[in-house]
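Survey of secondary and tertiary structure
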Amino acid sequence: MSPVLATRGAVLTATGSYLANCALGAAVATRLLDTSRVRWVHHGLYVLTALTTAAAGGLLAWRRDPAFWRLLPAAAPLTAIPRVSARSPWHPALALTAAPAYAAALLGTRDA
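Since the structure is predicted, the reported quantities are computational estimates derived from the model, not experimental observations.

1. Describing the overall build of the protein
Helix and strand content of the protein: 6 helices and 0 strands. Mapped from its N terminus to its C terminus, the protein presents α and β elements in the order α-α-α-α-α-α. Scaling as 2.2 N^0.38, a compact globule of 112 residues should have a C-alpha radius of gyration of about 13 Å, and the protein matches this with 15 Å. Seen through its principal axes, the protein has C-alpha atoms that stretch 40 × 25 × 20 Å.

Structure follows, in structure tokens:
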């Protein structure tokens, strides 16, 4: 696999996990889904998002890809969000602050 495809794939995987987690959180918040018996699903998606984002960041850093600097700001909300109650309006607001970093990193990997 070419380095460009590997980095783009890693960022795409992290972004997809982030989007799935946001979609699930939004569906629960708007009561389209009830995950009260399986809350671990949202927590599991969060862990997957954090791990895939860290892996993508590590790969970008190792390859000295400038998209690393675009993805890096996603680390702050991913680190802070477990400390904010899911019932708080700040939880989804904080989660959404990571979106520009994922978008920028996706666009940045196309430059490579």
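We are not done yet, so read on.
2. Topic: the nonpolar core
Val11, Ala56, Leu60, Leu71, Ala74, Ala98 and Tyr102 are the most contacted members of the largest nonpolar core, which has 17 residues in total. Those elements that provide at least two residues to this core are helix H1 (3-29), helix H2 (40-62), helix H3 (67-71) and helix H6 (99-109). Ignoring any residue separated from it by four or fewer positions in sequence, one finds Leu71 in contact with Thr53, Ala56, Gly57, Leu60, Ala101, Tyr102 and Ala105.

3. Remarks on the side chain of Thr49
Structurally, Thr49 is set in helix H2. A distance of 2.7 Å separates a polar atom in the side chain of Thr49 from a polar atom in the side chain of Ser17. One polar contact links the side chain of Thr49 to the main-chain carbonyl oxygen of Leu45, over a distance of 2.8 Å. Excluding residues within four positions of it along the chain, Thr49 makes contact with Ser17, Tyr18, Asn21, Leu78 and Tyr102.

4. Quick word on the environment of Gly25
Relative to the assigned elements, Gly25 resides in helix H1. Once the C-alpha coordinates of Gly25 and His42 are considered, the two residues, 17 residues apart in sequence, prove to be 7.1 Å apart.

5. Considerations on the confidence of the model for the protein
Per-chain confidence: the protein averages 92 in pLDDT, with 94% of residues scoring 70 or above. By mean pLDDT, the top-scoring element of the protein is helix H4 (residues 75-80) (96), and the lowest-scoring one is H1 (91).

Cut-offs applied
- Residues numbered from 1 in each chain as written.
- Predicted model: local features only at pLDDT ≥ 70, side-chain atom pairs only at ≥ 80, totals over all residues.
- Heavy atoms only, no water.
- Helix = DSSP H or I, 4+ residues; strand = E, 2+ residues; numbered from the N terminus.
- Rg over C-alpha atoms; globule rule 2.2 N^0.38 Å.
- Core = buried A, V, L, I, M, F, W, Y, C linked by side-chain atoms within 4.5 Å.
- Buried < 20%, exposed > 50% of the residue type's maximum accessible area, 1.4 Å probe, protein only.
- Contact = heavy atoms within 4.5 Å.
- Polar contact = N/O pair within 3.5 Å; in protein donor to acceptor, adjacent residues only side chain to side chain.
- pLDDT = per-residue confidence, 0-100.

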